[in-house]
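Okay, here's what each chain looks like letter by letter:
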Amino acid sequence: MTGDTDGGRHLVITHDDVRRAYDVIGPYLRRTPVVDLDLAGPVTLKLEQLQCAGSFKARGAFTNLLLRAVPPAGVVAASGGNHGVAVAYAAHRLGIPARIFVPTVSSAAKTERIRQLADLVITGDRYADALEAAQQWAAASGAMSVHAFDQRETILGQATLALELDGQAGPLDTVLVPVGGGGLIGGIAAYFAGTVRVIGVEPDGAPTLARARAAGAPVDAPAGSIAVDALAPRRVGDLVFPLTQAYVEDVVLVDDDAIRTAQRTLWQTARIAAEPAASVGVAALLAGAYKPAPGERVAVIISGANMPLPELDA
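Residues numbered from 1 in each chain as written. Predicted model: local features only at pLDDT ≥ 70, side-chain atom pairs only at ≥ 80, totals over all residues. Heavy atoms only, no water.

Counted according to the given criterion, the structure contains four aromatic pairs. Ring centres of Phe 62 and Tyr 89 lie 6.0 Å apart, and the angle between their planes is 90 degrees; on these two criteria the pair is classed as edge-to-face. With Phe 62 in helix α2 (residues 57-67) and Tyr 89 in helix α3 (residues 82-94), this pair connects stretches of sequence that are 27 residues apart. Look at Phe 62 and you get buried, because its relative accessible area is 0%. Pairing Tyr 191 with Phe 192 gives two aromatic rings, centres 5.3 Å apart and planes at 80 degrees, and the pair type is edge-to-face. (Phe/Tyr/Trp six-rings, centres within 6.5 Å; stacked < 30°, edge-to-face > 60°. Helix = DSSP H or I, 4+ residues; strand = E, 2+ residues; numbered from the N terminus. Buried < 20%, exposed > 50% of the residue type's maximum accessible area, 1.4 Å probe, protein only.)

Encoded structure:
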């Protein structure tokens, strides 16, 4: 199921689509809280690291498994880590067989969680390698592929985060969103559709969306960041990119030092546990990569916390 497009320009996801999906997946999710803090100015944090399976990815996983026809062979997914945990969790909860392919850069904290819930295969050095292996398995087994970001149901599921946030903290001026393959920012951007400024934040060592915007199309990008297991696919998704072109105002980059500082600041000031990928929005504020105007109402997505606990005091 690839969904509708607007005259061939981009995927169409309406508020009604998001509400219907939310009604279906809501019983399986947590309505994660928001908290207001002063981090280089007032900011609202959406604490999605408290979501089932430890990240926002549970939204897309359940949307795929509940809105698509799952074959007897079950499901297969490729992941840097969080998507794999989410699909494994959702499949386990629904009694569906699942096989998850991850690259060698995936953290032990994530791979161990997957191993407890599903059939785990570690292969290749990057997400793209795991994706190729997962596609081969899908073709051979008949399992349904659940894409980490470039699938309508995945994007639709991530859009439910924006629906929640809008009800909890709206009206907002700006939302800062971590970017990997782009499913989260694509869903959020599609939901707000220009009514709220959406800013993507990427590690400077893995600028997938920044490179795509510069080129005018998805292109390969490097992967050299402490957030490599969550924000470093080879390129942004083909379905996602037109959504970001239509509705994402800008993309800013942060370095690993800024990410570490943000991660420590969240823990030390508010006891918020966030993995490096989830800390990039706060890093953008603390490092000045994004500077809100006076009185601007800013929200930041804290996207996940699947990591070893010692990272918090590093």
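In this model, the largest pocket occupies a volume close to 200 Å³. Considering only residue class, the lining of the largest pocket consists of six nonpolar, two polar and five charged. (1 Å grid on protein atoms, 1.4 Å probe; cavity = no way out; pocket = protein on both sides within 12 Å on 5 of 7 lines; lining within 4 Å. Points joined across faces, edges and corners; volume = space filled by probe spheres on them. Nonpolar A, V, L, I, M, F, W, Y, C, P; charged D, E, K, R; others polar.)

So, about the nonpolar core. Within the largest apolar cluster, 37 residues are counted, with the highest numbers of intra-cluster contacts made by Val 175, Val 177, Ile 188, Phe 192, Val 198 and Ile 301. Those elements giving two or more residues to this core turn out to be α1 (15-25), α6 (152-169), β7 (174-178), α7 (183-192), α8 (208-215), α10 (240-247) and β10 (298-302). Ranked by residues supplied to this core, first place goes to α6 with eight residues. When neighbours within four sequence positions are excluded, Val 175 is seen to be in contact with Leu 165, Phe 192, Val 196, Arg 197, Val 198, Ile 199, Ala 299 and Ile 301. (Core = buried A, V, L, I, M, F, W, Y, C linked by side-chain atoms within 4.5 Å. Contact = heavy atoms within 4.5 Å.)

The next point concerns the pairing of β7. Counting buried positions along β7 yields five of five residues, so the element is predominantly enclosed. Side-chain alternation along β7 places Thr 174, Leu 176 and Pro 178 on one buried face and Val 175 and Val 177 on a second face that is also buried. By the bridge criterion, five bridges tie β7 to strand β8 (residues 197-203) in an arrangement that is parallel. Each bridged residue has a counterpart across the sheet, and for Pro 178 the counterpart in β8 is Val 201. Once the chain exits β7 it traverses α7 before rejoining the sheet at β8, and the crossover so formed is right-handed. Inspection of the sheet shows β7 paired to β10 by three bridges, in the parallel sense. Bridge pairing in β10 links Thr 174 to Val 298. (Pairing = 2+ DSSP bridges. Right-handed = clockwise from strand over helix to strand, strands pointing away.)

Moving on: the sheet that holds strand β6 (residues 144-145). Strand pairs in the sheet, formed through backbone hydrogen bonds, run parallel or antiparallel to each other. The sheet built from four strands is open, its strands ordered β5-β4-β3-β6 with parallel pairing. Two strands close off the open sheet at either side, each with one partner strand: β5 (119-122) and β6. Of the pairings in the sheet, the one linking strand β3 (residues 75-78) to β6 comprises two bridges and is parallel in character. Each residue of the ladder has a partner; that of Val 76, found in β6, is Ser 145. Against the sheet, helix α4 (residues 108-117) engages β4 (98-102) and β5, with an angle of about 145 degrees to β5. In the packing of helix α5 (residues 127-141) onto the sheet, the strands contacted are β3 and β4, and the crossing angle to β3 comes to about 160 degrees. (Axes fitted to C-alpha atoms, helices over the stretch in contact; angles between N-to-C directions.)

From the geometry alone we can't say anything about function, so treat these as descriptive.
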